[in-house]
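Per-entry structural report
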Amino acid sequence: MTKVMQKVLLLLLVVAVTLTVAQPADAGRKMPWTKFKYPMLGEIAMPDYTRVELDNGMVLYLAEDHEFPTIGLSAKIMVGSIYEPAEKVGLAGITGEVLRSGGTKSWDGDEIDLMLESMGASVETWIGGNTGGAWLSALTEDSDMALKILAEIMTAPRFAEDKIDLSITQHKAGISRRNDEPSSIARREMTKILLGEDHPIARVEEYDTIGSITRDDLVNFHSQYFHPDRMHLIVVGDFDSDTMVAKIEAAFAGWEKSTTPLPNDPMIPNFPRTVNIAAKEGLTQSQILLGHKGIKADHPKYAHIIVANKILGGGFSSRLFNEVRSKRGLAYSTWSSSGTGFRNAGNFMAGVGTKCETTEEAITVVLGEIERMTTELVSQEELDSAKDGILNSEVFSFDTKREVLDRMVTYEMYGYPDDFLQVYQQQVRETTVEDVLAATQELWKPDRLSILAVGDPELFDGDLGTFGMVNDIDITIPEPKLTLDIPTATDELMAAGQAIMTAGYEAMGGKKIGGMDGYFGEMSLDLEIQGMALTFGVEKTIVYPNHMKLAQKTPFGNMVQALDGDVAWADTPGGIVDIEGDDIQSLLEEIEKDFYTVLRNRGDISCQAIDQAEVDGVLCDRVYVTGIGKDFILYCFDAETHLLVMEQTKGADMVTGAPVVAKTMYSDYAVFDGIQVAKSIVILHDDEQFAAGAVKKFERNPKIEAGFFSKP
């Protein structure tokens, strides 16, 4: 058979199969799928559930479902970051994390992990902006124990110090990385613009607010806000409702109602337009947001503005998508949000990411589309498409019993009627083009939309001044405030500081230090990073004034950094690379801030004496040194021997990059070629031990081979 004949035969077979499938039912073929009944898309089935209010005020929503032998429980509680003090922003989030990780009166956090793992169960807790909660999932046979664990977590948390420290470290890491993503910068700064940077909803964590949080703060925050009459509990799964109610009553027995009312919710302001630029060099794209105050979901035009937003920027068929992306090619994605909220008014916003060179153009187009929504009727086709999209998407937002009951709890907590969802859906169905225009004219004010662009202003196609006076937003992450009490410098204090430094110079080696051209030191360093015990070998060679080589032997491979006058390089597991710009300056500063360098150059450095203090049981003379690099150095010398006891400065966490108070403790001195060298050192980060080192070698004025500092 030829290939042509094969193709013909294959075509005939396809046609025959198609005709067979297409035969009507009366031809004898059974079609059972014609008997299936499908609900109309857009309908949300309300599950059978029982609502019970306990004597302690806790409200239960229970929905039995015996299809699988599992139970899911979710709790919502009226607590959030809106209640935390301004000087301790981050407290709520840390409390929500350590509530679970920090253990309870009966078990520590690690024991709870093992217990849950053995059961294949999970328990999680969290606290957000204005709501907190918990989640439990377990097999029916393990649900009693899982419920007991959850109840203790909510009512009797241990708040273990080590878990608090871990959470604080993780939050500091988040602060250090918060400017990595332009879209995150835009959302954060736009919230500040619309609400004010001191508004409880707009406040952000800083190193100082996180660093000020103590265990007592967590205990007090929990005690003040965690009470049964502020909690709703949803239980779905394989259980008997009456039995489950009794179990919950027993598990939470003794948990007392609140005795004071919650603080009033913060007011949502309504500011006029501002135009803002958050400059970030190196970006080729701008992240643009436009926004103003929105509405609560109880507004009479809530459903209509949801429909309007769907038409404006709610999907691939929206006006913004078609105009900004498809027609003009200004962006890959663009969107808008309706600006509605259940507890507070939201923020109506539109966003677009575009090339820096089309920033002003993109803003103009988005503003034009919003204004057009307030001046012209939308088409019936746009309206029908938007309504179908909203009603159909709602189905997938409520495709489980827990999701439906979770929304029911939201309605109850914030004072909405039980049938809010059904009424809202009906209002969407009945929305007309006239309703959309009336809603946008009342609620959207293009001339009051504040504007924010995150990008490189040098590349913008305009200065954005056409939209109003431009504000420059500083997104620099504030460093922790200095905790030292430094008096105003006087001639007397400066002279006393020089005297202390000179005494240290003489005690540590005097002329031997003054006549040093450089040195070589070798030490081992034991440290722990994310639970791993590691040992590093460190060799440091300095030749004054501007040559240094630092070689490290690590478990991950050997690394070298070298400064050869005004050039620098590094040898890493990834190969040899050049070091440039600010990184070269950092290496120069490392030489300048080396203790022996400071002693040699003390007469040219600002050295201010401050009050004596005990350091690790030793009375010390203290000197506050500035003028070397960007940061200070605090030296603490033994008041009797004048040997260095501690050096304090600003440091950075090796893993997270977050700033820390770095202290190096020196002890066990020995003489190497006439110079006092501490053989034992301990490095503290925020007063927690980070590493311990032992000096193995110290050589004054080492012999250096030609090319030792040169790039290979």
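Everything numeric here is computed off the predicted structure, so don't read it as measured data.

Formed by 65 residues in total, the largest nonpolar core has its most connected members in Tyr-424 and Trp-444. When residues in this core are grouped by element, the largest group, eight residues, is from helix H10 (residues 302-313). Counting contributing residues per domain, this core is built from domain 1 (50-251) and domain 2 (270-473), each supplying no fewer than three. Discounting chain neighbours no more than four positions away, the residues touching Trp-444 are His-292, Ile-305, Ala-308, Asn-309, Leu-312, Phe-348, Ile-370, Met-373, Thr-374 and Ala-439. Counting residues in hydrophobic clusters, the runner-up holds 56 residues, among them Ala-92, Met-115, Ile-164 and Phe-221.

On to the domain arrangement of the protein, then. By a widely used convention, the size of an interface equals the accessible area lost when the partners come together. If you check the domain split of the protein, you get domain 1 (50-251), domain 2 (270-473) and domain 3 (491-700). If you average the C-alpha positions of domain 2 and of domain 3, the two centres end up 54 Å apart.

Another aspect to go through is unusual backbone geometry. In most cases, non-glycine residues show a negative phi, while peptide bonds are predominantly trans. Cis geometry marks the peptide bond from Tyr-544 to Pro-545; its omega dihedral reads 5°. Inspection of the secondary structure assignment puts Pro-545 in the loop between strand E16 (532-543) and strand E17 (547-554). A positive phi angle, close to 65°, is found at Leu-464, a residue other than glycine. Mapped onto the fold, Leu-464 is located in the loop between strand E13 (450-455) and strand E14 (470-472). On the basis of relative accessibility, which here comes to 0%, the residue Leu-464 falls in the buried class. With a phi close to 50°, Asp-673 is a non-glycine residue in the positive phi region. Mapped onto the elements, Asp-673 comes out in the loop between strand E25 (659-672) and strand E26 (675-685).

Aromatic rings considered in pairs are described by the distance between their centres and by the relative angle of their planes. Here the structure, examined in full by the defined rule, presents 24 aromatic pairs. Ring centres 5.5 Å apart and planes at 50° place the aromatic pair Tyr-596 and Phe-698 in the tilted group. Placement of the pair is Tyr-596 in helix H20 (residues 595-600) and Phe-698 in strand E27 (residues 688-700), with a sequence separation of 102 residues. Tyr-596 sits in the buried class, given a relative accessible area of 9%. Of the residues examined, Phe-698 reaches a relative accessible area of 11% and is grouped as buried. Cation over ring: Arg-325 sits above Tyr-332, and NZ or CZ is 4.6 Å from the ring centre. When the ring centre of Phe-708 is taken as reference, the NZ or CZ atom of Lys-549 above it lies at 4.3 Å.

Within this model, the second largest pocket holds a volume of roughly 440 Å³. Lining the second largest pocket are 27 residues, with Ser-81, Ile-82, Gly-129, Asn-130 and Ile-201 positioned closest to its centre. Residue composition of the lining of the second largest pocket, grouped by class: twelve nonpolar, eleven polar and four charged. Looking at which domains feed residues into the lining of the second largest pocket, each of domain 1 (50-251) and domain 2 (270-473) supplies at least three.

It is worth spelling out helix H2 (residues 91-101) at this point. Among the eleven residues that make up H2, nine are buried, leaving the element largely enclosed by the rest of the structure. Residues of H2 that are buried include every one of Leu-91, Ala-92, Gly-93, Ile-94, Thr-95, Gly-96, Val-98, Leu-99 and Arg-100, and no others. Packing partners of the buried residues in H2 comprise helix H3 (109-119), strand E4 (122-127), helix H4 (143-155), helix H5 (161-176), helix H7 (207-211) and helix H8 (215-225). Taken from the residues just after H2, Gly-103 is the one with a positive phi, measuring 85°.

Note: strand E19 (residues 567-572) against strand E20 (residues 575-579), five bridges, orientation antiparallel. Counted as the bridge partner of Ala-570 is Val-577 from E20. In this structure, the hairpin formed by E19 and E20 is closed by a connection of two residues.

Moving on, we get to helix H9 (residues 241-251). All buried positions along H9 are accounted for by Ser-241, Met-244, Val-245 and Ile-248. Taken end-on, H9 shows its buried residues confined to a sector of 105°, consistent with a single buried face. Opposite its buried face, H9 presents the exposed residues Asp-242 and Ala-250, each directed more than 90 degrees away. If you check the start of H9, you find a side-chain oxygen 3.3 Å away from the backbone N of Asp-242, and it comes from Asp-240.

Right, let's talk about the sheet that holds strand E1 (residues 50-53) for a bit. The six strands are arranged E1-E2-E6-E3-E5-E4 in an open sheet whose pairing can be described as mixed. Two strands lie at the open edges of the sheet, namely E1 and E4, each paired on one side alone. Put simply, the sheet's adjacent strands are angled 15° from each other on average, direction ignored. As paired elements, strand E3 (residues 70-77) and strand E6 (residues 231-237) share seven bridges and run antiparallel to each other. By the bridge assignment, Ile-77 is partnered in E6 with Met-231.

Contact pair helix H11 (residues 319-327) / helix H12 (residues 359-373): the axes reach a minimum separation of 10 Å and the direction vectors enclose 150°. As far as their axial angle goes, H12 and H11 are roughly antiparallel. H12 is crossed by H11, and the crossing has right-handed handedness. From H11, Arg-319, Leu-320, Glu-323 and Val-324 reach across to H12, where they touch Val-365, Val-366, Glu-369, Arg-372 and Met-373. Residues belonging to the contact of H11 with H12 are distributed by class as follows: five nonpolar, no polar and four charged.

Right, let's talk about the packing of H10 against helix H13 (residues 380-397) for a bit. Their axes nearest at 9 Å, the elements H10 and H13 cross at an angle of 110°. Our classification of the angle between H10 and H13 gives roughly perpendicular. Seen from H10, the contacting residues are Ile-306, Val-307, Lys-310 and Ile-311; seen from H13, they are Glu-382, Leu-383, Ala-386, Lys-387, Gly-389 and Ile-390. The residue makeup of the contact of H10 with H13, split by class, is six nonpolar, one polar and three charged.

Here we come to a negative patch on the surface. Among the surface-exposed residues, Glu-161, Asp-162, Asp-165, Asp-216 and Glu-688 lie close enough to one another that they form a single negatively charged patch. Mapped onto the fold, Asp-162 is located in helix H5.

In terms of strand pairing, strand E21 (residues 606-615) meets strand E22 (residues 618-626) through eight bridges, oriented antiparallel. Within E22, the residue paired with Gln-608 across the bridge is Tyr-624. Linking E21 back to E22 in an antiparallel pair, the connection comprises two residues, with Asp-616 at a positive phi of about 55°. Of the pairings in the sheet, the one linking E22 to strand E23 (residues 633-638) comprises six bridges and is antiparallel in character. Pairing of Tyr-624 across the sheet is with Leu-634, part of E23.

The rules behind the values
- Residues numbered from 1 in each chain as written.
- Predicted model: local features only at pLDDT ≥ 70, side-chain atom pairs only at ≥ 80, totals over all residues.
- Heavy atoms only, no water.
- Core = buried A, V, L, I, M, F, W, Y, C linked by side-chain atoms within 4.5 Å.
- Buried < 20%, exposed > 50% of the residue type's maximum accessible area, 1.4 Å probe, protein only.
- Helix = DSSP H or I, 4+ residues; strand = E, 2+ residues; numbered from the N terminus.
- Domains from an automatic or database assignment.
- Contact = heavy atoms within 4.5 Å.
- Phe/Tyr/Trp six-rings, centres within 6.5 Å; stacked < 30°, edge-to-face > 60°.
- Lys NZ or Arg CZ within 6 Å of the ring centre and 35° of its normal.
- 1 Å grid on protein atoms, 1.4 Å probe; cavity = no way out; pocket = protein on both sides within 12 Å on 5 of 7 lines; lining within 4 Å.
- Points joined across faces, edges and corners; volume = space filled by probe spheres on them.
- Nonpolar A, V, L, I, M, F, W, Y, C, P; charged D, E, K, R; others polar.
- Pairing = 2+ DSSP bridges.
- Arc of directions from axis to C-beta.
- Polar contact = N/O pair within 3.5 Å; in protein donor to acceptor, adjacent residues only side chain to side chain.
- Axes fitted to C-alpha atoms, helices over the stretch in contact; angles between N-to-C directions.
- Parallel < 35°, antiparallel > 145°, perpendicular 65-115°, else oblique.
- Left-handed = near helix turned anticlockwise from the far one by under 90°.
- Patch = residues over 30% accessible without salt bridge, like charges linked within 9 Å, V, L, I, M, F, W, Y side chains within 5 Å.
- Areas by Shrake-Rupley, 256 points an atom, 1.4 Å probe, with all protein chains shown as cover.
- Salt bridge = Lys/Arg side-chain N within 4 Å of Asp/Glu carboxyl O.
- Lys, Arg positive; Asp, Glu negative; His and termini not counted.
- Charge placed at Lys NZ, Arg CZ, Asp CG, Glu CD.

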